[in-house]
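Fold and geometry: a report
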Amino acid sequence: MFDLPWDFTAIPRFFPGFYVAALLTLQITFFGILVGLVFGLVTGLMRLSTNKLINTPAKFYIWVIRGTPLLLQLMIIYYGLIDLVSIDRMPAAIIGLGVHNGAYIAEIFRGAIQSVERGQREAALSLGMTPSQAMRRVILPQAFKRSVPALGNQFIIALKDSSLASAIAVRELLLRARQMGSATLMMLEMLMIVGIYYLIMTTVLTFLVGRVEKRLQVSDYRD
Amino acid sequence: MIKIRGLNKWFGDLHVLKDIDLDVIEKEVVVVIGASGSGKSTLLRCINFLEFAQKGKVFIDGKETDRNSRSLHLVRAEVGMVFQHFNLFPHRTVMGNVIEGLTQVKKIPYTQALSQGTELLAKVGLSEKADVYPAMLSGGQKQRVAIARALAMKPKIMLFDEPTSSLDPELVGEVLQVMKTLANEGMTMMVVSHEMGFAREVGDRMIYMDEGRIVEEGAPKELYSNPKNERTKAFLGQII
């Protein structure tokens, strides 16, 4: 046999030991996405307003957040604001990931809302709906459906980006791998375990998004 | 029912409606004809305030309304509109489309709305399509659903913006049939359409518009067979 410097039998042995870290990764991602969806919807709608006082802050937020790295944003929230407020690392990671994704999700929603034909809004208004009813009942449901593929993509990015929380001492998968790697001197093996975890999670997420897409297609069937 | 005085509308530099005065009385069926760009659709859209005129007044059932009215949406609820491209809500079933205004605007309980919806679908001959989505319907069926959706609000007047223009020729008849029935029941209607058969059969008045002005009006048969204005003559010659 070749004498490899790695012991891949360590992968199945240590795999279950990353369970807690994986849960943390999922938590950051889940709540981060949730915050991101709220921020995204509000900002997306603000961005579409014709009122400058409303759309300018939205544009500014998107400009700043998309124009700077997530790692920097996390560090600013966790280390930078320490004199102002002390935020725990988990909430800091969730807020950071949420605010970051909010900017991207805002653009996804904006594009989807703009893609709904003008006639839809006009039909809603002609029935006597108020503009906000038309948005809620007619435009947003269609816009949401159109945004699902792009949102799914963004969720997968968010899941992987949650690894950046390792930089602010959240013991999610990546930080756990580095710590275990140093402790056992099996860095590659531990990193590979984490890679497998990420692959499993992104695969499941992709599958779920596909299911949602299918579910929303019922109204497209022609026979 | 509708009173329009001195209506002027610009899209940027383009003057699309010029000093329009128009009265539509109850139960009257007014057919509007004119070349594309003559302002006929814009006129219709100004009546339910999908467009706002910069000058002039629109009275619906005696009430003056403008873009700043708080009750704008309530005025729109009294004016039914049928669009060239149907504009059905694709994410709702046929029944969902018909009762949307009832449940959301009139706040009628769901079961009650459902029974009204069933009646309306029977009226347009689409009872068996209640539970399908618009994507499964033909153009003619879509337009009949759109008519039922507008009728659900029990509007005082119905506006039809080229209701058959995007239909295959063999589907035009079924839509016109529903519109004729409505006219015979006494619905006040304003129809932008070049369907001369329809105009002559149920139209009380025909209006010819050109370059944003009402150039000529009269009984459909008369206007059709004996137009006085040169431009009306030329236009009628083109569309026949």
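For the structure, see preceding data.
Residues numbered from 1 in each chain as written. Chains lettered and ligands numbered in written order. Predicted model: local features only at pLDDT ≥ 70, side-chain atom pairs only at ≥ 80, totals over all residues. Heavy atoms only, no water.

**Points about unusual backbone geometry**
All names here are of chain A. We apply this condition: A run of DSSP states H or I qualifies as a helix once it reaches four residues; a run of E qualifies as a strand once it reaches two. Both are numbered from the N-terminal end. Buried means the residue's accessible area, taken with a 1.4 Å probe over protein chains only, is under 20% of the maximum for its type, while exposed means over 50%, and partly exposed covers the values in between.
Within the chain, A169 stands out as a residue other than glycine whose phi angle is a positive 65°. You can see A169 is positioned in the loop between helix 7 (131-161) and helix 8 (173-184). By relative accessible area, which is 28% here, A169 ends up partly exposed.

**Describing helix 3 (residues 52-66) of chain A**
All names here are of chain A. Test applied: Multiplying 1.5 Å by the helix residue count minus one yields the expected span of that helix. The arc in question is the one spanned by the directions pointing from the helix axis to the C-beta atoms. It only takes one pair of heavy atoms within 4.5 Å for two residues to be counted as in contact. Pairs of N or O atoms within 3.5 Å make up the polar contacts considered here, provided that, within protein, one atom can donate a hydrogen while the other can accept it, and that residues adjacent in sequence are counted only when both atoms are side-chain atoms.
Over its 15 residues, helix 3 runs 21 Å from end to end, which matches the ideal 21 Å to within 8%, given 1.5 Å per residue. Burial in helix 3 covers these residues: N55, A58, Y61, I62 and I65. With its buried residues spanning 120° around the axis, helix 3 presents them on a single face. Helix 3 presents K52, L53, F60 and W63 as exposed residues on the side facing more than 90 degrees away from its buried surface. In the core, the buried residues of helix 3 are packed alongside helix 2 (19-48), helix 4 (70-80) and helix 5 (89-115). Between a side-chain oxygen at the N-terminus of helix 3 and the backbone nitrogen of L53 the separation is 2.9 Å; the capping residue is N51.

**Some thoughts on the layout of surface pockets**
Applicable threshold: Using protein atoms alone on a 1 Å grid, points that fit a 1.4 Å probe yet trap it form a cavity, whereas open point sets bounded by protein on both sides within 12 Å along at least five of seven lines form a pocket; residues with an atom within 4 Å of a point count as lining. Grid points are joined across faces, edges and corners, and a volume is the space filled by probe spheres set on the points. Ten residue types, Ala, Val, Leu, Ile, Met, Phe, Trp, Tyr, Cys and Pro, are classed as nonpolar, four, Asp, Glu, Lys and Arg, as charged, and the remainder, Gly among them, as polar.
Considering only enclosed or pocket space, the largest pocket measures out at about 870 Å³ in volume. Along the wall of the largest pocket there are 27 residues; nearest its centre are R121, L125, P131, S132 and I139 of chain A. Looking at the lining of the largest pocket, the elements with two or more residues in it are helix 2, helix 5, helix 6 (118-126) and helix 7 of chain A together with helix 2 (72-77) of chain B. For the lining of the largest pocket, the class distribution of residues is twelve nonpolar, eight polar and seven charged. Approximately 660 Å³ is the volume found for the second largest pocket. Elements supplying a minimum of two residues to the lining of the second largest pocket: helix 6 and helix 7 of chain A together with helix 1 (40-47) of chain B. Considered class by class, the residues forming the lining of the second largest pocket number six nonpolar, nine polar and ten charged.

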